[in-house]
Amino acid sequence: MTKEVLYGLVVVLLTAGLWEMTTGVEENGCNNTHMFEHEEYRQVLLPHHVSMSYPAYRLYLYGEGLYAKETRALNLTGAPVLFLPGSGGSYRQARSLGSVALSKAKNMEGGVHLNVFTVDFNEELVALYGGSMRRQTHFLHECIKAILRLYKDAESPPRSVVLVGHSMGGVLARALFTVPGFSFHLVSLIVTQGSPHLAPVLALDTFQLDLYSQVRRRWAGHADDLRNVTVLSVGGGYRDYHVRSGLTSLPCGPGDPNKLALLVTAVPRVWVSTTHCSINWCLELVLATVRAFFDLIEPGTRQFSVDPERRRSVLTHHFIRHPGMMLGEPPESSFSFSVTPEAWSQVNTTRLAYRTPKDGLVKYFLFALSSRRKGYSHLYCRSGNLEMTSWVYGCTRSIGSVCEHAVDLSLGTELLPTYKVVTLSLGDLSSSVSHLVVNASNANGKHFTVECEWQRRESRTMSLPVPHVMSFGLTVADVVINSSGLLHTVQLQHFHQVYQAFRITVASHCAVQRDGTSDTYRLMVPWFREDYLTTVGVPSVTEISGILHTSRPDNTSSVLLQMHTAPNCHYKVSVRTSFPRVLVQVLRFCWHTLPVYVAVMLLLACGKQLSSILRTSRVLDMSEAVAGGLQPHRVHLPVYVLHLLLGYSWFLEAWSILGLPSIDDLPPASPDGSFREGAAPAEWWSHLLSPLFYVLGAGMAFWGSALLRLLVRLMSLTLAPLHRPPASRCHGAPRLHAQLLLVLSLAALGGTSCGALSISLGFLLHLYRVLRLQMKESYLSRMPNLALQKHENAENGSVDGLAICSAPSLSERALQQTRDDLQLHLCLSALFALPVALGAPSLVHWARNLRYSTRLDPDPCWPHTVPLLAACVLLTNSDTLKLGASKLLPLTACLPLPLAVAMVIFSPLHLYRITYFLSAALVPLAISCLL
């Protein structure tokens with residue numbers, strides 16, 4: 001009962017982590033996009049050779065209403081945008097982008113509009129089966145050429161196509177540049193949404209990793225040629241459970257300013273997290289994207305700008321630092337004021353708080369710099385509900401309290417949910433600037449507020465060391481802010497790793513009740529744009545989730561809590577470690593390693609059973625075998641030693657001389673894209689997490705085997721009336737040449753269709769053997785009672801007692817042998833189920849494309865199809881007596897442990913390698929049945 005309690009606690013722990021992951025985040029804050037007219041998708045005919053080469057793929061033009069009618073002949077004059085759906089995505093997902101673009105085009109002058117195309121990739125699951133990724137990139141190349149041919153008769157034909165990729169569609173957009181013969185100038189701008197650029201979410205085959213490696217080499221080797229290609233990657237944030245946002249960072253060096261990566265929580269006017277699907281239709285994000293596209297169109301050509309500097313400035317304006325103004329020409333270098341002296345007020349205090357009157361009024365505030373440069377470092381100003389674009393100036397010539405000439409400093413403005421703010425560094429201002437001017441005019445009579453104050457940055461910045469991650473929430477770190485300023489910054493020292501998670505509580509208290517006042521708190525990550533903003537009323541008690549998507553790449557900074565606060569209020573910031581959220585981070589970053597540890601536990605359980613056969617000629621119960629395999633030290637101690645040795649250069653040289661593959665480590669978590677498929681040595685926290693995942697894998701293996709046993713019993717009850725199991729152990733078992741013929745037949749089937757299909761059929765064949773054993777076990781379990789009843793009747797004179805006395809012992813012996821066989825084959829079925837599960841994506845892909853091709857090409861399962869089939873067929877007809885008499889059993893029983901260690905070393909980032917290690921254990925076991 002102890003093991004049931006232990007593994008029950010494992011399930012509770014895993015469930016608690018999943019529950020916190022799905023419920024411990026903000027509610028959906030995105031609005032949905034709407035279409036005002038019926039959508040239409042006009043197919044773009046491709047050349048005959050392209051259609052024949054890619055029969056499952058299509059290219060469409062999105063349209064609605066009148067626009068759809070006008071473009072039926074495909075006489076296009078707009079700027080081309082091509083949408084690429086993700087894994088399992090539909091080409092119809094382009095309707096959000098296309099509908100918003102058509103609505104905005106109605107308000108544009110000069111006929112400026114977008115032509116939104118979309119690709120139908122037959123909803124292939126390229127995130128799970130990477131064999132079709134290369135075909136999709138080649139088809140994408142043909143689509144771009146076909147789109148540009150549609151504009152050959154236009155007055156100003158486009159020279160490139162803008163790509164918008166969702167999920168794996170964004171990966172394909174960058175992989176397009178690896179296609180032979182592709183001209184880099186055909187694509188100048190790529191916008192990706194929730195795309196795992198850094199590494200695949202799951203590496204179930206070699207094709208994905210090969211493509212990722214090619215993309216990385218191409219973009220690194222042709223960095224100068226690709227510098228003019230602008231890439232914007234947007235991650236979903238906390239609510240994206242499919243692709244963790246750290247993977248959306250671009251694996252490019254920081255020296256390329258045209259490669260931008262950020263999270264949607266940091267995008268101005270969006271500020272919300274999205275799910276993996278809603279990032280495609282989130283109205284706020286779609287609006288930001290469409291606005292950027294229209295600002296990139298040159299009025300003269302009505303096509304996208306070819307200037308990379310302009311592309312970068314436009315994307316920075318809409319996605320990084322929105323100054324609260326329309327994007328247009330840069331402000332004039334010199335600005336002259338022509339207002340009466342009565343409109344000017346000079347501010348001699350350290351703070352300004354102004355609220356506009358009901359009537360329209362022209363008002364300017366003048367801040368003298370001469371008396372403030374030594375005592376202060378910055379001037380901070382913010383305004384609520386201010387609509388004007390230029391509102392902060394640097395005065396270069398003044399007469400008394402009136403400024404005559406000035407330069408516009410409003411481009412330094414930053415848009416926040418409740419304010420637009422500007423922080424001017426006095427040290428960065430030119431010596432010719434004598435005053436700062438704030439325009440507080442409300443010519444239209446609309447109410448707004450303006451607040452300014454002089455600041456010393458050092459006095460407004462406080463340091464708060466966060467509690468250790470192992471404090472489990474028992475330790476609280478806090479700081480009290482007694483200053484009555486408008487802006488405060490709390491540096492959360494030692495908060496820079498993804499495994500850390502905190503509950504940050506901000507409590508505000510004001511001496512005077514403030515109605516309608518709000519604070520904005522921003523959790524800023526200096527090394528990656530993953531800021532998280534929260535707006536609350538005053539006074540209030542607010543909890544902020546302190547979770548990171550990327551680890552700090554160096555030792556230069558920590559997370560900052562920037563607080564735009566109400567004046568004359570007091571604040572207390574408390575930080576406490578959140579163990580449930582730490583568990584969420586562990587699952588978010590390392591959940592893909594669970595199949596490895598499940599396979600390790602089942603392999604060790606098989607080894608326990610083989611050792612039991614050697615010692616006692618009996619087989620352990622499946623649950624006891626799994627529980628006996630829970631010995632993390634036997635697996636992880638060699639792994640730790642290997643990590644230590646890899647820290648020495650001589651060992652690394654010997655490792656490379658032997659041609660061994662690099663070891664797998666934790667997935668990349670730094671935003672610089674420094675991903676290596678086997679980085680060593682690993683961080684210390686990976687060594688602490690490995691035993692945890694070992695226990696989680698043991699729990700999943702334990703309850704998974706229990707579920708398999710339950711399913712086998714239920715299925716046997718269903719089949720029992722139709723099938724009576726024979727009493728003989730060898731009844732119905734085919735001879736060796738028949739088994740080999742069956743292996744060759746299944747292998748030929750896999751070679752001509754799909755390897756996963758033949759492996760699945762082999763698994764079903766073995767499962768049928770398990771069902772027969774279960775039915776036989778049920779049948780024999782009733783025989784002793786029947787024999788005992790006959791013995792009692794014999795004593796009463798009805799039958800010969802001596803003839804029946806031997807029946808109970810015979811049936812009990814047969815029953816025990818059947819139970820041993822059943823426990824052994826249950827463990828083998830669990831092992832065979834793992835390759836079937838890993839090959840399921842390729843089987844699904846093959847089944848969905850049967851109308852186009854009967855053979856899966858390329859086939860990730862083919863290299864291990866024959867070994868697995870041979871092991872499956874031979875072991876299907878094996879029993880414990882054959883194994884116990886085998887001369888190879890002592891050697892075979894020693895294999896599971898080293899193979900389990902190798903699986904932990906080489907498989908966490910390469911899940912497809914699990915099948916190779918299982919084959920290496922099952923094939924010798926099958927040979928043992930013959931020798």
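It should be noted that the structure appears before, not after, this text.
Below: a short report on this structure. Please read these numbers as outputs of a predicted model, since none were measured by experiment.

A word on the overall build of the chain
Link 1 in the chain: In terms of helices and strands, the chain carries 26 helices and 28 strands.
Link 2 in the chain: For the chain, the proportion of contacts with a sequence separation of at least 24, taken over those separated by at least 6, is 80%.
Link 3 in the chain: Only carbon and sulfur atoms are counted for the fraction: they give 58% of the accessible area of the chain, which is about 39400 Å².
Link 4 in the chain: In the chain, 76 side chains carry a positive charge and 64 a negative one; their mean positions are 4 Å apart.

Remarks on the packing of aromatic side chains
Link 1 in the chain: For the coordinates displayed, the defined rule picks out 28 aromatic pairs.
Link 2 in the chain: Their ring planes at 85° and their centres at 5.5 Å tell us that Tyr57 and Phe121 sit as a pair that is edge-to-face. Of this pair, Tyr57 sits in the loop between helix 2 (48-53) and strand 2 (58-64) while Phe121 sits in the loop between strand 4 (114-120) and helix 5 (133-149), and the two are 64 residues apart along the sequence. No difference in accessibility class separates Tyr57 from Phe121, as the two residues are buried.
Link 3 in the chain: Note on Phe367 and Trp454: the rings are 6.1 Å apart at their centroids and 75° apart in plane angle, and the pair reads as edge-to-face. Placement of Phe367 in strand 12 (residues 364-368) and of Trp454 in strand 19 (residues 449-455) is noted, with a sequence separation of 87 residues between them.
Link 4 in the chain: Taking the relative accessible area as the measure of exposure, Phe367 reaches 1% and is therefore buried.
Link 5 in the chain: Among the residues examined, Trp454 registers a relative accessible area of 3% and is labelled buried.
Link 6 in the chain: Clustering of aromatic rings is evident, with ring pairs tying together Tyr648, Trp650, Phe651, Trp655 and Phe906.
Link 7 in the chain: When the ring centre of Phe294 is taken as reference, the NZ or CZ atom of Lys104 above it lies at 5.9 Å.

Some thoughts on the sheet that holds strand 24 (residues 518-524)
Whether parallel or antiparallel, the strands of a sheet pair through hydrogen bonds between backbone atoms.
Link 1 in the chain: Read across the open sheet, the five strands follow the order 20-22-27-24-25; overall the sheet is mixed. Edge positions in the sheet fall to strand 20 (461-465) and strand 25 (532-537), since each has one partner strand and no second. Each strand axis lies, on average, 20° off the axis of its neighbour in the sheet, ignoring direction.
Link 2 in the chain: As paired elements, strand 22 (residues 487-493) and strand 27 (residues 559-564) share six bridges and run antiparallel to each other. Residue pairing across strands places His488 opposite Met563, the latter belonging to strand 27.

Some points on unusual backbone geometry
Link 1 in the chain: Looking along the chain, the bond that leaves Val538 and enters Pro539 is cis, with omega of -5°.
Link 2 in the chain: Tracing the sequence through the fold places Pro539 in the loop between strand 25 and strand 26 (541-547).
Link 3 in the chain: In this structure, the amide linkage connecting Asp857 to the following residue, Pro858, adopts the cis form with an omega of 0°.
Link 4 in the chain: Note that Pro858 resides in the loop between helix 21 (806-848) and helix 22 (865-876).
Link 5 in the chain: Backbone geometry at Arg302 places phi at a positive 60°, although glycine is not the residue there.

A few points about the packing of helix 12 (residues 594-616) against helix 26 (residues 913-928)
Link 1 in the chain: Relative to each other, helix 12 and helix 26 sit at 10°, their axes nearing to 11 Å. Compared by their axis directions, helix 12 and helix 26 come out roughly parallel. Taken together, the residues of helix 26 that come into contact with helix 12 (itself represented by Pro595, Val596, Ala599, Leu603, Cys606 and Leu610) are Ile914, Leu918, Ala921 and Leu925.

With respect to the side chain of Arg581
Link 1 in the chain: One can find Arg581 in helix 11 (residues 579-590).
Link 2 in the chain: A distance of 3.2 Å separates polar atoms of two side chains, one belonging to Arg581 and the other to Glu543.
Link 3 in the chain: Polar side-chain contacts of Arg581 include one of 3.3 Å to the side chain of Ser545.
Link 4 in the chain: Contacts of Arg581, omitting those with residues within four sequence positions, involve Glu20, Ala501, Phe502, Arg503, Glu543, Ile544, Ser545 and Ile547.

Details of the pattern of salt bridges
Link 1 in the chain: Evaluation of the coordinates by the stated rule reveals 17 salt bridges.
Link 2 in the chain: Salt-bridge contacts for Glu453 lead to Arg460; the nearest nitrogen and oxygen are separated by 2.7 Å.
Link 3 in the chain: Residue Arg460 is classed as buried on the basis of its relative accessible area, which comes to 12%.
Link 4 in the chain: Across the pair Asp820 and Arg618 runs a salt bridge whose closest N-O atoms are separated by 3.4 Å.

Some words on the environment of Arg819
Link 1 in the chain: By the element assignment, Arg819 lies in helix 21.
Link 2 in the chain: Taking the relative accessible area as the measure of exposure, Arg819 reaches 35% and is therefore partly exposed.
Link 3 in the chain: Those residues within four positions of Arg819 in sequence are excluded, and the remaining contacts are Glu777 and Ser781.

The rules we used
Residues numbered from 1 in each chain as written. Predicted model: local features only at pLDDT ≥ 70, side-chain atom pairs only at ≥ 80, totals over all residues. Heavy atoms only, no water. Helix = DSSP H or I, 4+ residues; strand = E, 2+ residues; numbered from the N terminus. Contact = heavy atoms within 4.5 Å. Areas by Shrake-Rupley, 256 points an atom, 1.4 Å probe, with all protein chains shown as cover. Lys, Arg positive; Asp, Glu negative; His and termini not counted. Charge placed at Lys NZ, Arg CZ, Asp CG, Glu CD. Phe/Tyr/Trp six-rings, centres within 6.5 Å; stacked < 30°, edge-to-face > 60°. Buried < 20%, exposed > 50% of the residue type's maximum accessible area, 1.4 Å probe, protein only. Lys NZ or Arg CZ within 6 Å of the ring centre and 35° of its normal. Pairing = 2+ DSSP bridges. Axes fitted to C-alpha atoms, helices over the stretch in contact; angles between N-to-C directions. Parallel < 35°, antiparallel > 145°, perpendicular 65-115°, else oblique. Polar contact = N/O pair within 3.5 Å; in protein donor to acceptor, adjacent residues only side chain to side chain. Salt bridge = Lys/Arg side-chain N within 4 Å of Asp/Glu carboxyl O.

Just geometry here; none of it tells us what the structure is for.
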